[in-house]
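Examination of the molecular architecture
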Amino acid sequence: MGPFKAEAIVLKSRDFQEADRVVTLLSDRHGKIEAVARGARRTRSRLRGATQPFCLVTASFFPGKTMDTMSQAEVTEGFRVLREDLELLANASYLCELVDESMGLHDATPGVYPLLLTAFGLLRDGHPPATVRHMFQLRLLGILGIGPGLGRCLGCGGEVTDPFFSPGEGGVLCHTCGPGHGAGRLSRQALECMRALLRLDPSRSGRLALDARTEREMSLALDGYILWHLDKKLKSLSFLRQLADEEERGDERGRGTEEG
Ligand SMILES: [Zn+2]
């Protein structure tokens, strides 16, 4: 393959040698790319801005034996707010890490790039970050062909009225099959929301206005499911959990003051 141009989102970047950076990107037509941006750490380098995580860039690449080279790049959309707000940063980092960990180099599975771009747009525009993340998780898993079964019971094929969820079994089980398969309980509300996130246009998922309890339940189910299927702990997940815990403690303190 010769030199090529691509539109891409920076998933992550790290320092390399004296003045370079190695960038991992998800591109529109060439899938996941790892490329070195030579001299990108120099103050006057034109590549400097284009190596920041979450940036949408238009860039030129030269294929190399071990690694490609990003020779030119222009930032089309910086998604700056995703780096400046802690909650957005945690969620955007998670989306990037999930894409990075679930796709190999040059994997150009259709649908993943537009999904990430849509999710970034929703985060930037103030949609509820947790809902965006769950929508992304469900849709990405679906695109990769490993999405959880959320319809009829995966054990007996029956209607699910009192749902259980099992990562190992691949999704939802009824109240008869669930306990025997070591599945955890899932509220009807959480199940309905997961179905809705797959059904609704992503730009409308924010209108679901999910309460904190349902979001937490979906987090547990989906994060557990992804851990089971990727067999890998995502680093950005502990950051997200830490933020969620702090928020919960903050809420409790807030209530305490009101009561006192
Ligand atoms: Zn069943």
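Structure shown above.
Notes on the structure follow. These figures come from a predicted structure and were not determined experimentally. (Residues numbered from 1 in each chain as written. Predicted model: local features only at pLDDT ≥ 70, side-chain atom pairs only at ≥ 80, totals over all residues. Heavy atoms only, no water.)

Comments concerning the packing of aromatic side chains
The criterion, for reference: The aromatic pairing rule takes the rings of Phe, Tyr and Trp, using the six-membered ring of Trp, and pairs them if the centres are within 6.5 Å, calling planes under 30 degrees apart stacked, those over 60 edge-to-face and the rest tilted. Numbering goes from the N terminus for both helices and strands, where a helix is a DSSP run of H or I of at least four residues and a strand is a run of E of at least two. Residue burial is assigned from relative accessible area. The probe radius is 1.4 Å, only protein chains are included, and a residue is buried under 20% of its type maximum, exposed over 50%, and partly exposed in between.
Tallying each qualifying case throughout the model produces four aromatic pairs. Arranged with centres 5.7 Å apart and planes meeting at 85°, the rings of Phe-54 and Phe-120 form a pair that is edge-to-face. A residue pair is termed long-range when its members are at least 10 positions apart, and Phe-54 in the loop between strand S3 (31-37) and strand S4 (56-62) and Phe-120 in helix H3 (residues 112-124) qualify at 66 residues. In this structure Phe-120 comes out as buried when scored by relative accessible area, which is 0%. Measuring from ring centre to ring centre gives 5.3 Å for Phe-79 and Phe-120, while their planes differ by 70°; the resulting arrangement is edge-to-face.

Describing the sheet that holds strand S7 (residues 171-173)
Let me state the cut-off plainly: Any two strands are treated as partners once DSSP identifies two or more bridges connecting them.
What the three strands build is an open sheet, ordered S7-S6-S8; its pairing is antiparallel. Sheet topology places S7 and strand S8 (184-185) at the edges, where each strand pairs with a single neighbour. Looking at chain direction, strand S6 (residues 164-166) and S7 are connected through three bridges and run antiparallel. Its bridge partner being in S7, Ser-166 is matched across the sheet by Gly-171.

Details of empty space enclosed by the protein
So the rule is basically this: Note on definitions: the grid is 1 Å and covers protein atoms alone; a cavity is a set of points where a 1.4 Å probe fits but cannot get out; a pocket is an open set with protein on both sides within 12 Å along at least five of seven lines; lining residues have an atom within 4 Å of a point. Grid points are joined across faces, edges and corners, and a volume is the space filled by probe spheres set on the points. Only Asp, Glu, Lys and Arg are considered charged in this grouping, and only Ala, Val, Leu, Ile, Met, Phe, Trp, Tyr, Cys and Pro are considered nonpolar; every other residue, Gly among them, is considered polar.
A full pass over the atoms with the stated rule returns one cavity of 30 Å³ or more. By volume, the largest cavity is sized at about 30 Å³. Contributing to the lining of the largest cavity are Leu-98, Ser-102, Leu-140, Leu-141, Leu-144, Ile-146, Ile-226 and Leu-230. Secondary structure elements with two or more residues in the lining of the largest cavity: helix H2 (86-102), helix H4 (129-143) and helix H7 (212-230). Residue composition of the lining of the largest cavity, by class: seven nonpolar, one polar and no charged.

Things to note about the packing of H2 against H3
What counts here: For helices, the axis comes from a line fit to the C-alpha atoms of the stretch in contact; other axes are also lines fit to C-alpha atoms, and the angle between any two N-to-C directions lies between 0 and 180 degrees. For classification purposes, an angle smaller than 35 degrees is called roughly parallel, one larger than 145 roughly antiparallel, one from 65 to 115 roughly perpendicular, and anything else oblique. The contact criterion used throughout is that any non-hydrogen atoms of two residues lie within 4.5 Å.
With their axes 11 Å apart at the nearest point, H2 and H3 run at an angle of 175° to one another. With respect to their mutual orientation, H2 and H3 come out roughly antiparallel. Seen from H2, the contacting residues are Leu-88, Asn-91, Ala-92, Leu-95, Cys-96 and Val-99; seen from H3, they are Val-112, Leu-116, Ala-119, Phe-120 and Leu-123.

Side note on H3
Note the threshold: Expected helix span is taken as 1.5 Å per residue step, with the number of steps being one fewer than the number of residues.
Helix length check: H3 (13 residues) gives 18 Å between terminal C-alpha atoms against 18 Å at 1.5 Å per residue, within 8%. Turning to H3, its buried residues are Val-112, Tyr-113, Leu-115, Leu-116, Ala-119, Phe-120, Gly-121, Leu-122 and Leu-123. Residues of H3 that are buried in the fold lie against strand S1 (4-16), strand S2 (20-27), S4, helix H1 (81-84), H2 and H4. Just downstream of H3, Gly-126 is the residue with a positive phi angle, here 90°.

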